[in-house]
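# Coordinate inspection notes
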Amino acid sequence: AHFANVDPCDSCGSPLFSQERAPQSVAYAENQSMFLDKLIGEGDWLAKYAKDKAGNVLPWKLAEEAIRTTHPYAVFTIRTMLQIPYFEKALYELPDDQLDDAEAI
C-alpha cells in the first residue's frame with residue numbers, strides 16, 4: 001500500500017520511493033514499508049510535518065493524545081509479526097515423519 005500513493009514521475013531517483021524494481025530486495029521493501037509506516041506516527045514527525053489543508057501544524061495536544069492512546073498497544077503488533085517466524089521455526093523443526101497437514105495446523 002505504501003507504493004500505491006507514489007507517482008513514479010515525481011519520485012524518480014529517490015531511494016525512499018522506489019517501485020520494487022530490481023535490484024530492490026523483498027527485505028528492503030519490507031524494511032522501507034515498516035520504517036515509513038512508523039515514521040508518520042512519531043511525535044517529532046507529527047510536530048513538524050502533520051499539517052491541515054491550510055498549512056497549520058497539528059496541535060501538540062492531539063498528537064500527544066494519539067501517541068498516549070496507541071503506544072501501549074504497539075506490543076500487540078510486534079507480537080503478531082513474531083508469530084510467523086515462530087510458526088516457521090516449529091514447522092522446520094518437525095521430523096519428516098510427523099510433517100503432514102494435521103500437524104502443521
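See the structure shown above.
In this text, all values refer to a predicted model and were calculated from it rather than measured experimentally. (Residues numbered from 1 in each chain as written. Predicted model: local features only at pLDDT ≥ 70, side-chain atom pairs only at ≥ 80, totals over all residues. Heavy atoms only, no water.)

## With respect to the packing of aromatic side chains
The condition that has to hold: Note on ring pairs: Phe, Tyr and Trp rings are taken, using the six-membered ring of Trp, and paired if centres are within 6.5 Å. Classes follow the plane angle, with under 30 degrees stacked, over 60 edge-to-face and the rest tilted. Starting at the N terminus, helices and strands are each numbered in turn, a helix being any DSSP run of H or I of at least four residues and a strand any DSSP run of E of at least two. For every residue, the accessible area obtained with a 1.4 Å probe (protein chains only) is divided by the maximum for its type, and the residue is called buried under 20%, exposed over 50%, and partly exposed between those limits.
Evaluation of the coordinates by the stated rule reveals two aromatic pairs. Measuring from centroid to centroid gives 5.9 Å for Trp 45 and Tyr 49, while their planes differ by 40 degrees, and the two rings are tilted. A residue pair is termed a helical-turn pair when its members lie 3 or 4 positions apart in one helix, as Trp 45 and Tyr 49 do in helix α2 (residues 43–49) at four residues. For Tyr 49, a relative accessible area of 48% puts it in the partly exposed group.

## Quick look at helix α4 (residues 74–93)
Quick reminder: α-helices carry 3.6 residues per turn. Residues three or four places apart thus point the same way. Just so we agree on the cut-off: A helix's residues, less one, multiplied by 1.5 Å, set its expected span. What the bend at a residue measures is the angle between two axes, fitted to the seven residues ending there and to the seven starting there.
Between its first and last C-alpha atoms α4 spans 30 Å; for 20 residues at 1.5 Å apiece the expected length is 28 Å, and the two agree. Of all the bends in α4, the greatest reaches close to 25 degrees and is centred on Gln 83; the proline Pro 85 follows between one and four positions later.

## What to know about the pattern of salt bridges
Definition in use: By convention in these notes, a salt bridge is any Lys or Arg side-chain nitrogen within 4 Å of a carboxyl oxygen on Asp or Glu.
In this structure the tally under the stated criterion is two salt bridges. For Glu 64, the salt bridge goes to Arg 68, with nearest N and O atoms at 2.9 Å. One end of the pair, Glu 64, and the other, Arg 68, are both in helix α3 (residues 60–70), four residues apart, so they sit about a helical turn from each other. Here Glu 64 falls in the partly exposed class, since its relative accessible area comes to 28%. The salt bridge involving Lys 89 is made with Glu 93; its shortest N-O contact spans 2.8 Å. Here Lys 89 pairs with Glu 93, and both are found in helix α4, just four residues apart, close to one helical turn. What makes Lys 89 partly exposed here is its relative accessible area of 46%. A relative accessible area of 54% places Glu 93 in the exposed class.

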